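Overview (structure and organization)
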Amino acid sequence: METILSATISAIGTMLGFAFLGIGIGIGILGSKVAESVGRNPETKNDVVHSVMTILICMTVFLLLLFTFAFFLLFFNPLVA
């Protein structure tokens, strides 16, 4: 039982680490492309910012779902009988 719990905690840590790494890289690339597009065409700034905020809200919702799944695995582990 301790082996299952330690493997679960290790998997949760890896999962959250990769999620934060991926979201950090994605937000960085998104920010650079926004700056590039606003620099090329400044009059479309409001449209671009609204689109980016929609994307960031979706990424935040997916991250919260990941936290929910991680806590589900941590506290209600189906592998522990």
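This write-up is about the structure you can find in this document. (Residues numbered from 1 in each chain as written. Predicted model: local features only at pLDDT ≥ 70, side-chain atom pairs only at ≥ 80, totals over all residues. Heavy atoms only, no water.)

As for helix α1 (residues 2–40)
- Here α1 spans 57 Å end to end across 39 residues, near enough to the 57 Å set by a 1.5 Å rise per residue.
- For α1, the set of buried residues is Thr8, Ile12, Leu16, Ala19 and Val34.
- Residues of α1 that are buried make contact with α2 (45–75). (Helix = DSSP H or I, 4+ residues; strand = E, 2+ residues; numbered from the N terminus. Expected span 1.5 Å × (residues − 1). Buried < 20%, exposed > 50% of the residue type's maximum accessible area, 1.4 Å probe, protein only. Contact = heavy atoms within 4.5 Å.)

Topic: the packing of aromatic side chains
- Taken as a whole and assessed by the stated rule, the structure comprises four aromatic pairs.
- Between Phe67 and Phe71, the ring centres sit 6.5 Å apart and the planes meet at 25 degrees, which makes this aromatic pair stacked. With a gap of four residues between them, Phe67 and Phe71 both fall in helix α2, about one helical turn apart.
- Classification of Phe67 by relative accessible area gives partly exposed; the value is 26%.
- Judged by relative accessible area, which is 45%, Phe71 ranks as partly exposed.
- Ring plane angle 40 degrees and centroid distance 6.2 Å describe the contact between Phe72 and Phe76, whose orientation is recorded as tilted. (Phe/Tyr/Trp six-rings, centres within 6.5 Å; stacked < 30°, edge-to-face > 60°.)

Side note on a nonpolar patch on the surface
- Together, Ile9, Phe69, Phe71, Phe72, Leu74, Phe75 and Phe76 make up a nonpolar patch on the protein surface, roughly 750 Å² of accessible area in all.
- Here the nonpolar patch gets five residues from one element, more than from any other, and that element is α2.
- Structurally, Ile9 is set in helix α1. (Patch = residues over 30% accessible without salt bridge, like charges linked within 9 Å, V, L, I, M, F, W, Y side chains within 5 Å. Areas by Shrake-Rupley, 256 points an atom, 1.4 Å probe, with all protein chains shown as cover. Salt bridge = Lys/Arg side-chain N within 4 Å of Asp/Glu carboxyl O.)

A word on the side chain of Thr8
- Examined against the element boundaries, Thr8 turns out to sit in helix α1.
- Only 2.7 Å separates the side chain of Thr8 from the backbone oxygen of Ile4, close enough to count as a polar contact.
- What Thr8 contacts, discounting residues up to four positions off in sequence, is Leu73 and Asn77. (Polar contact = N/O pair within 3.5 Å; in protein donor to acceptor, adjacent residues only side chain to side chain.)

A look at α2
- When the terminal C-alpha atoms of α2 are compared, their 45 Å separation across 31 residues agrees well with the 45 Å that a helix rising 1.5 Å per residue should span.
- Taken together, the buried positions of α2 are Val48, Val52, Leu63, Leu66 and Ala70.
- Buried residues along α2 sit in contact with α1.

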